[in-house]
Amino acid sequence: ARYVFPEDINDDIVQTRFDSVPGFRAAYEAERDLLLRAVLEPDPARRREIARSALAAARERRARYFTGENAFYAELEDLFLNMEGVASWSAFMLARKRAGPGATDAEILARMRGSGRYWSQDEGLALILVIDRLLPGWQARMFGNEPASVWNLLEEGTR
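The structure contained in this document is the topic of the report that follows. Keep in mind the model is a prediction, meaning the values are calculated, not measured.

**Remarks on the overall build of the chain**
Right, so step 1: Within the chain, the secondary structure is distributed over eight helices and zero strands.
Right, so step 2: Ordering the α and β elements of the chain from the N terminus gives α-α-α-α-α-α-α-α.
Right, so step 3: In terms of its C-alpha atoms, the chain occupies a principal-axis envelope of roughly 50 × 35 × 30 Å.
Right, so step 4: By the burial criterion, 43% of the 159 residues in the chain qualify as buried.
Right, so step 5: Within the structure as shown, the chain displays about 8600 Å² of accessible surface, and the carbon and sulfur contribution to it stands at 52%.
Right, so step 6: Put simply, the chain has 22 plus and 25 minus side-chain charges, and the middle of one group is 5 Å from the middle of the other.

Written out as structure tokens, the structure is:
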């Protein structure tokens, strides 16, 4: 009731709205790249440090762009990152199982990401993969009566 939403809401709504806004794409890509680095970082302490940097970058981007009449995009982004992240994580886990013992997560991730042209799928996957490595049992929180935001889970995992 607080917001007037566009008629066409889908999982690419943030990308559609902000792709041409100066600085947004670069900010999004920087945080996504940090998340992907964290996913593939073998050292747990370094992984946590990189994930903290990604979280800080995301907070900065969201505080800068999701204000005023654009504030509701924060809630939509949360919703679609949760949804796409879990779906992409499930596909990643299946691809890992099917790939066999010789495949690396980096190879599977490269195949999964494809062109990386869909922001919510790409960042959602990176977020859930990082959360999966930092926060055991996150699934119960994500699939509970009040699903936790990926940002809250990431924050908890980086403590």
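The rest of the description comes next.
**Concerning the nonpolar core**
Right, so step 1: By size, the foremost hydrophobic cluster in this structure holds 32 residues, and its most contacted members are Ile128, Val130, Ile131, Trp138, Val150, Trp151 and Leu154.
Right, so step 2: Breaking this core down by element, the ones donating at least two residues are α2 (24-40), α3 (44-65), α4 (72-99), α5 (105-113), α6 (119-134), α7 (138-142) and α8 (150-157).
Right, so step 3: The element contributing the most residues to this core is α6, with eight residues.
Right, so step 4: Leave out the neighbours within four places in its chain, and Leu154 touches Leu35, Ala51, Leu55, Leu127, Val130, Ile131 and Leu134.

**Remarks on the pattern of salt bridges**
Right, so step 1: Throughout the structure, instances matching the rule amount to 13 salt bridges.
Right, so step 2: Between Arg62 and Asp78 there is a salt bridge, with its nearest N and O atoms 3.0 Å apart. Here the residue Arg62 occupies a position in helix α3, and Asp78 occupies one in helix α4, the gap between them amounting to 16 residues. Neither residue differs from the other here; Arg62 and Asp78 are each classed as buried.
Right, so step 3: Overlapping salt bridges, with partners in common, bring together Glu31, Arg61, Arg62, Glu77 and Asp78 in one network.

**A few points about α6**
Right, so step 1: Its 16 residues place the ends of α6 22 Å apart at the C-alpha level, agreeing with the 22 Å of an ideal helix rising 1.5 Å per residue.
Right, so step 2: Here α6 lies mainly inside the structure; 13 of its 16 residues are buried.

**A short note on the environment of Asn10**
Right, so step 1: Within the secondary structure, Asn10 sits in the segment before α1 (13-18).
Right, so step 2: Residues Asn10 and Glu60 lie 50 residues apart in sequence; the distance between their C-alpha atoms is 24 Å.

**Things to note about the side chain of Arg32**
Right, so step 1: If you trace the backbone, Arg32 turns up in helix α2.
Right, so step 2: Polar side-chain contacts of Arg32 include one of 2.8 Å to the side chain of Asp33.

**With respect to the packing of α2 against α5**
Right, so step 1: Where α2 meets α5, the closest approach of the two axes is 10 Å, and the angle between their N-to-C directions is 145 degrees. Of the two possible hands of crossing, α2 and α5 adopt the one that is right-handed. Judged by residue contacts, Arg32, Leu36, Val39 and Leu40 of α2 engage Asp105, Ala106, Leu109 and Arg113 from α5.
Right, so step 2: The residue makeup of the contact of α2 with α5, split by class, is five nonpolar, no polar and three charged.

**What about empty space enclosed by the protein?**
Unoccupied space between atoms shows up once a probe the size of one water molecule is rolled over them.
Right, so step 1: Scanning the model with the defined rule gives one cavity of 30 Å³ or more in all.
Right, so step 2: Of the volumes computed, that of the largest cavity is approximately 110 Å³.
Right, so step 3: As for the largest cavity, its lining consists of 13 residues, and the residues nearest its centre are Val14, Glu77, Leu81, Trp119 and Ser120.
Right, so step 4: When contributions to the lining of the largest cavity are tallied by element, the ones reaching two or more residues are α1, α2, α4 and α6.
Right, so step 5: For the lining of the largest cavity, the residue count by class is six nonpolar, two polar and five charged.

Cut-offs used in this document
Residues numbered from 1 in each chain as written. Predicted model: local features only at pLDDT ≥ 70, side-chain atom pairs only at ≥ 80, totals over all residues. Heavy atoms only, no water. Helix = DSSP H or I, 4+ residues; strand = E, 2+ residues; numbered from the N terminus. Buried < 20%, exposed > 50% of the residue type's maximum accessible area, 1.4 Å probe, protein only. Areas by Shrake-Rupley, 256 points an atom, 1.4 Å probe, with all protein chains shown as cover. Lys, Arg positive; Asp, Glu negative; His and termini not counted. Charge placed at Lys NZ, Arg CZ, Asp CG, Glu CD. Core = buried A, V, L, I, M, F, W, Y, C linked by side-chain atoms within 4.5 Å. Contact = heavy atoms within 4.5 Å. Salt bridge = Lys/Arg side-chain N within 4 Å of Asp/Glu carboxyl O. Expected span 1.5 Å × (residues − 1). Polar contact = N/O pair within 3.5 Å; in protein donor to acceptor, adjacent residues only side chain to side chain. Axes fitted to C-alpha atoms, helices over the stretch in contact; angles between N-to-C directions. Left-handed = near helix turned anticlockwise from the far one by under 90°. Nonpolar A, V, L, I, M, F, W, Y, C, P; charged D, E, K, R; others polar. 1 Å grid on protein atoms, 1.4 Å probe; cavity = no way out; pocket = protein on both sides within 12 Å on 5 of 7 lines; lining within 4 Å. Points joined across faces, edges and corners; volume = space filled by probe spheres on them.

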